[in-house]
Structure formats: C-alpha cells, structure tokens
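Residue-level listing of the chains:
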Amino acid sequence: LEILVTILNMNDNSPVFKQTNLTKVVPEDTKVNATIVAREDLSASDADLDIIFYELTTIVVGTDGYFAIKGVNNPEIYLQKTLDYEKFNSTTLVLYARDRPVGSTDTTYTATTTINIFIEEVDTKPPWFLPCTFINTDKSICISSPYTGRVNISEMSTEPLILEPGPIYAIDPDYTLNEKIVYSIVGGDTDKVFSVDADTGNLTMNKLATSPDSYLLQVMATQVNNIQKYSIASVEIKVINKSNHAPYFESRIYNGTVFVGLAPRSFVFQAGDLSRPLMITAVDDDFPNV
C-alpha cells in the first residue's frame, strides 16, 4: 500500500524585519532621488516564503512627501523632494511589510519598522543683507533694499557714515552654522573715497568728496569659509553742500482773509487784497538762487 502525503504551506508566519528601529542622518543638500536607506537594510523575510508588500508612511505633520520607497515590492527609501533644514530637521517614517496586498480579504500578517530621519544642516545659502524682505512663501530668499547716506562736499567725516534703513549688516541664514562674514567694496569707488570695515561693515571716508555726483557703491558680504557664498548690496552716497544757515520765513506775521461758508481747500487771500492768494514763503541763504 502506497500512501502519498501532500503538505500544504499555510500562511501562519508574519514577515520579520532585520531591525525594528533604525536611524539615518541625511545632509540637507542630498540630491533628489538619492538612496536614503538601502533595500538590503529594509527587506523583510517570511518563513512562508510569501511575496512581501511594502508601504511607507510618515507620522510627523508637515514632512509628508519627502521620502518614498522604490516600489510596492522594493522597500529602498529614496529622497523625493528637496530638503530644507528651516522647514523641519527630523521626521519619523514607518515601513509596513505585509504578506498579502493591501485590500486582500485573505488572512494577512504585518510587520513594521521605524526609521528616524535627522536632517543635518549644510551651508546652502549665501549671506543676507538686513533688513530684507522675503519674496517666496517658504522664506528661502530674502532681498534687501539699497542703503542710502549723504556726505557734505569737501568735508571729511571721521565717524562711520549714518545710512538708511540702517548700518550695513549681513547674516548667514544657515542659522545653526552662522559662518563668519566679511565685507568689502567691490565697485563704484574708483577714487577710493570710502572704505568699509571688513568685520563690522561700518562705512567711513578715506578722503574728501570733491564732486557733487553721487556714489553708487557695491558692497560684498562674503563667508570666510567659502568665498563662493556671497551677496552684493548697493549703497548710494549723495554728496550735498553743507548747510550753514537755517531757513527762515520772509515775514514774521502773515495776515489773510477768508469768507464764511467757503468749501474746503478754498484759497485764503491776502488781507486788503482779495485778488491775491496769501503766499507763505521761507528762504535759506545756503541756496540763494532757489
């Protein structure tokens, strides 16, 4: 008597990950599509020799869409979107391994592993001159307005020039790195009338300004650790005649006449001469021809 026995492989084992928790440090400037966690580090095994189906999720709000897996049967994690340390510096991913496709009505066993991702800030941004205005919603680009100041013609100032909207100042927007910044004049000062302090950004005079023409300086802020990280700001210095006299009114008292019931913005006339509007004038002896 020959008895043939067939043993059926039942689905009675869960998938198993090599590690149920792992950590990866990812530089901020990692290229899109780069591998973050290799397939061999994430592949689950199954004693039933079932095909494993994977699904990746994130549990940190605002970090969805940055990381993905190569496919439903390939758990390799890759970068799907450019990172920005200012947006978030860490996230937690959960990788599911199932021995049946999602939605299957068959008995399904599931395993999970947790991947902790820490973003490492990298020197990605050039200096920003302050004050500046953000021009995009994620606040990654900040544009400064020109600085302005004035000097008196043929007069030497020994103090740092007062500028608007404030002194020349730049920061490293990669805040945790905060690289040292130095300043220099790179244009608009062919006669070397001005100099800028490399460390403070204070603008001073080397000699007299003898021309009434304005100076349009180009000041560069450069990171010491990388000269390719730089920004340029415009500084307009207006050359004016020194004021030696205060303005004054031509008359100490002005008399005028108005009529009851006049509409707003109606003329006030000179007292005694209703044909001539009242004129109030001031003069300045620094400008005799004006």
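Residues numbered from 1 in each chain as written. Predicted model: local features only at pLDDT ≥ 70, side-chain atom pairs only at ≥ 80, totals over all residues. Heavy atoms only, no water.

Caption draft 1: Just the sheet that holds strand 20 (residues 269–270), in detail. The sheet built from three strands is open, its strands ordered 19-20-21 with antiparallel pairing. Edge strands, defined here as strands with exactly one partner in the open sheet, are strand 19 (256–257) and strand 21 (273–277). Alignment of strand 19 against strand 20, held across two bridges, turns out to be antiparallel. The partner of Gly 256 across the bridge, within strand 20, is Gln 270. (Pairing = 2+ DSSP bridges. Helix = DSSP H or I, 4+ residues; strand = E, 2+ residues; numbered from the N terminus.)

Caption draft 2: Structural context of the environment of Asp 285. Along the chain, Asp 285 falls in the segment after strand 22 (282–283). Overall, the relative accessible area of 43% leaves Asp 285 in the partly exposed class. Separated by 38 residues in sequence, Asp 285 and Pro 247 have C-alpha atoms that sit 7.3 Å apart. For Asp 285, the contacting residues outside a window of four places in its chain are His 245 and Tyr 248. (Buried < 20%, exposed > 50% of the residue type's maximum accessible area, 1.4 Å probe, protein only. Contact = heavy atoms within 4.5 Å.)

Caption draft 3: View of the state of the cysteines. Applying the stated criterion across every chain yields a total of one disulfide. Residue Cys 132 pairs covalently with Cys 142 via a disulfide, S to S 2.0 Å. The S-S bond linking Cys 132 to Cys 142 shows a torsion near 95°; that makes this disulfide right-handed. Linking Cys 132 in strand 9 (residues 132–134) with Cys 142 in strand 10 (residues 142–144), this pair joins segments that are 10 residues apart in sequence. A relative accessible area of 7% places Cys 142 in the buried class. (Disulfide = S-S within 2.5 Å.)

Caption draft 4: How the structure looks around the packing of aromatic side chains. The tally for this structure, following the rule as stated, stands at five aromatic pairs. Considering the side-chain rings of Trp 128 and Phe 134, the 5.6 Å spacing of their centres and the 80° angle between planes classify their relative orientation as edge-to-face. Accessibility expressed as a relative area gives 8% for Trp 128, which makes it buried. Its end group placed over the ring of Tyr 78, Lys 70 keeps NZ or CZ at 4.8 Å from the ring centre. A cation over a ring is seen here: Lys 81 above Tyr 66, with NZ or CZ 4.4 Å from the ring centre. (Phe/Tyr/Trp six-rings, centres within 6.5 Å; stacked < 30°, edge-to-face > 60°. Lys NZ or Arg CZ within 6 Å of the ring centre and 35° of its normal.)

Caption draft 5: Spotlight on the pattern of salt bridges. Summed over all chains, the structure comprises eight salt bridges. In this structure, the salt-bridge partner of Lys 125 is Glu 86, at a minimum N-O distance of 2.8 Å. Within this pair, whereas Lys 125 is found in the loop between strand 7 (110–120) and strand 8 (128–129), its partner Glu 86 is found in the loop between strand 5 (74–79) and strand 6 (90–98), the two being separated by 39 residues in sequence. Looking at Lys 125, the relative accessible area reads 10%, which means it is buried. Among the salt bridges present, the one from Asp 273 reaches Arg 276, with a minimum N-O distance of 3.9 Å. Taking relative accessible area as the criterion, Asp 273 reaches 24% and is therefore assigned partly exposed. Judged by relative accessible area, Arg 276 falls into the partly exposed class, the value being 46%. Among the ionic contacts, a cluster of salt bridges with common partners joins Asp 50, Arg 100 and Asp 106. (Salt bridge = Lys/Arg side-chain N within 4 Å of Asp/Glu carboxyl O.)

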